[in-house]
Amino acid sequence: MNYDALKQEILDHAESLGIDKIGFTSAGYFSELKNRLIRQQELEYQSGFEEPDVEKRTDPSLLLSEPRSIISIALAYPSKMKDAPRSKAGERRGIFARASWGEDYHTVLRDRLERLEHFIKERVPHARFKSMVDTGELVDRAVAERAGIGWSAKNCSIITPEFGSYVYLGEMITNLPFTPDQPMEDQCGSCNLCVDVCPTGALVQGGQLDSKKCIAFLTQTKGFLPDEYRAKIGNRLYGCDTCQTVCPKNKGIDLHLHEEFEPEPELAKPLLEPLLTISNRDFKEKYGHMSGSWRGKKPIQRNALIALAHFKEKSALPAILTVLKEDVRPVMRGTAAWAAGKIGGVEAEEALLKQKAVEKDLDVLNEIEKGLQLLTKES
Ligand code: SF4
Ligand code: SF4
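Residues numbered from 1 in each chain as written. Chains lettered and ligands numbered in written order. Predicted model: local features only at pLDDT ≥ 70, side-chain atom pairs only at ≥ 80, totals over all residues. Heavy atoms only, no water.

**Student:** Break down the packing of helix 13 (residues 317-326) against helix 14 (residues 330-343) for me, with residues and values.
**Tutor:** One can describe the packing of helix 13 onto helix 14 by two numbers: an axis separation of 8 Å at closest approach and a directional angle of 145 degrees. Helix 13 and helix 14 meet at a crossing whose hand is left-handed. Contacts from Leu-317, Ile-320, Leu-321, Val-323 and Leu-324 of helix 13 reach helix 14 at Met-332, Arg-333, Ala-336, Ala-337, Ala-339, Ala-340 and Ile-343. Taken together, the residues that form the contact of helix 13 with helix 14 break down as eleven nonpolar, no polar and one charged. (Axes fitted to C-alpha atoms, helices over the stretch in contact; angles between N-to-C directions. Helix = DSSP H or I, 4+ residues; strand = E, 2+ residues; numbered from the N terminus. Left-handed = near helix turned anticlockwise from the far one by under 90°. Contact = heavy atoms within 4.5 Å. Nonpolar A, V, L, I, M, F, W, Y, C, P; charged D, E, K, R; others polar.)

Here it is in structure tokens:
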């Protein structure tokens, strides 16, 4: 079998397979990455969502026997939304990060990896694969970097010259011995913009991310959001794009190459108030196909309360106070108390005092106190 010819054939068919960029690398050990991951664990920079076994994350031979190469794939996603609805007084809106627009990219990339597997298997029947996207053991970015898809940038994204950092990544380990591509040179240079503008200082020098400080991670947590981050999350419901939108390498890049990734404006930038009381069923029906829904409705609803507080949206106060009084989840009642205090006014004060008298949950009582203090501070 001429694997260089097959490699070329794969590259020639990438577009028809619905893949925007393909790179090849060896299936060797990711030794540098291993040191970095251990260091991240020591510094407690990890989010907890990742595969905990560092060996599995860095040794492809633990995932597929006798691996010879890894094929990295990239699909570009849009950075701009046509007909984006405006957030205005009385009709405040939140925002899902771009990586959650349209259909869940895990589904789409899995489909493309399957197409690629099929394409290769038709030509090499003994080919074996282990494919993964995001939640797999391997680190997509480390694979993409080594396969020359782009460089590993200071904002912790892979930046491709063609699509900027607006790309989803996936990969497959295979037993076929393809010639590896060369990694790309780092092109961040002396730029430090993303590190400078990160609202929470989550980007640590040297292209490291302190995940626990990153808004993208914080928007996915289910508990109370720590006080110091509440003002920073703004109206973000899921994810954060700031370190990508400021990047000069992304300037002017807005690719609409896949129908699946087209945002539905009313879902990507939804009205906040209806989210507060949305049922599980409606949430699943409306948002279930978006990657941003993977943690369920609770984090999104909590973030919606924080966003309404951020806007100091008085018209939403009755809905917020209903959550304070009636929601069975302490995180929702407590965050509503804090949001009511932030918005302020006599109605908020009365409701907070009333709830204080009947509330049993200590965390919620703590948030009610915070709300009452905010009333005096912000009025
Ligand atoms: Fe900072 Fe947002 Fe980038 Fe996270 S996603 S590193 S919070 S700018
Ligand atoms: Fe690199 Fe500058 Fe983009 Fe950050 S903003 S990723 S430093 S080019």
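**Student:** Break down helix 4 (residues 105-123) for me, citing the residues and quoting the values.
**Tutor:** An ideal rise of 1.5 Å per residue puts 27 Å on 19 residues; helix 4 measures up with 27 Å between its terminal C-alpha atoms. Turning to helix 4, its buried residues number three or more, namely Tyr-105, His-106, Val-108, Leu-109, Arg-112, Leu-113, Leu-116, Phe-119 and Ile-120. Taken down its axis, helix 4 places every buried residue within 165 degrees of arc, on the same side. When the buried face of helix 4 is taken as reference, the exposed residues oriented beyond 90 degrees from it are Glu-114, His-118 and Glu-122. (Expected span 1.5 Å × (residues − 1). Buried < 20%, exposed > 50% of the residue type's maximum accessible area, 1.4 Å probe, protein only. Arc of directions from axis to C-beta.)

**Student:** Help me get a handle on the packing of helix 13 against helix 15 (residues 346-358), residues and values and all.
**Tutor:** Where helix 13 meets helix 15, the closest approach of the two axes is 11 Å, and the angle between their N-to-C directions is 5 degrees. Classified by the angle their axes make, helix 13 and helix 15 are roughly parallel. Contact residues: Leu-317, Pro-318, Leu-321, Leu-324 and Lys-325 in helix 13; Glu-347, Ala-348, Ala-351, Leu-352 and Gln-355 in helix 15. Taken together, the residues of the contact of helix 13 with helix 15 break down into seven nonpolar, one polar and two charged. (Parallel < 35°, antiparallel > 145°, perpendicular 65-115°, else oblique.)

**Student:** Quick one: what's the story with the side chain of Thr-221, residue by residue and with numbers?
**Tutor:** You can see Thr-221 is positioned in the loop between helix 7 (215-218) and helix 8 (227-233). Separated by 3.0 Å, the side chains of Thr-221 and Arg-302 make a polar contact. Once residues within four sequence positions are removed from consideration, Thr-221 is found in contact with Arg-295, Pro-299 and Arg-302. (Polar contact = N/O pair within 3.5 Å; in protein donor to acceptor, adjacent residues only side chain to side chain.)

**Student:** Tell me what's going on with the pattern of salt bridges, and back it up with residues and numbers.
**Tutor:** For the structure on display, the rule yields 20 salt bridges. We note a salt bridge from Arg-123 to Glu-9, for which the minimum N-O separation is 2.7 Å. Taken as a pair, Arg-123 in helix 4 and Glu-9 in helix 1 (residues 3-13) lie far apart in primary sequence, 114 residues in all. Note on Arg-123: relative accessible area 29%, which makes it partly exposed. Salt-bridge contacts for Glu-359 lead to Arg-333; the nearest nitrogen and oxygen are separated by 2.9 Å. Taken together, the positions of Glu-359 in the loop between helix 15 and helix 16 (362-378) and Arg-333 in helix 14 put the pair 26 residues apart, joining distant regions of the chain. Both residues of the pair, Glu-359 and Arg-333, count as buried. Where salt bridges share partners, they join Asp-111, Arg-112, Arg-115 and Glu-260 into one cluster. (Salt bridge = Lys/Arg side-chain N within 4 Å of Asp/Glu carboxyl O.)

**Student:** Tell me about the pairing of strand 1 (residues 21-26), residues and numbers included.
**Tutor:** Most of strand 1 is tucked away, with five of its six residues classed as buried. Summarising the sheet, strand 1 and strand 2 (residues 69-76) pair through six bridges and their orientation is antiparallel. What sits directly across from Thr-25, in strand 2, is Ile-70. (Pairing = 2+ DSSP bridges.)

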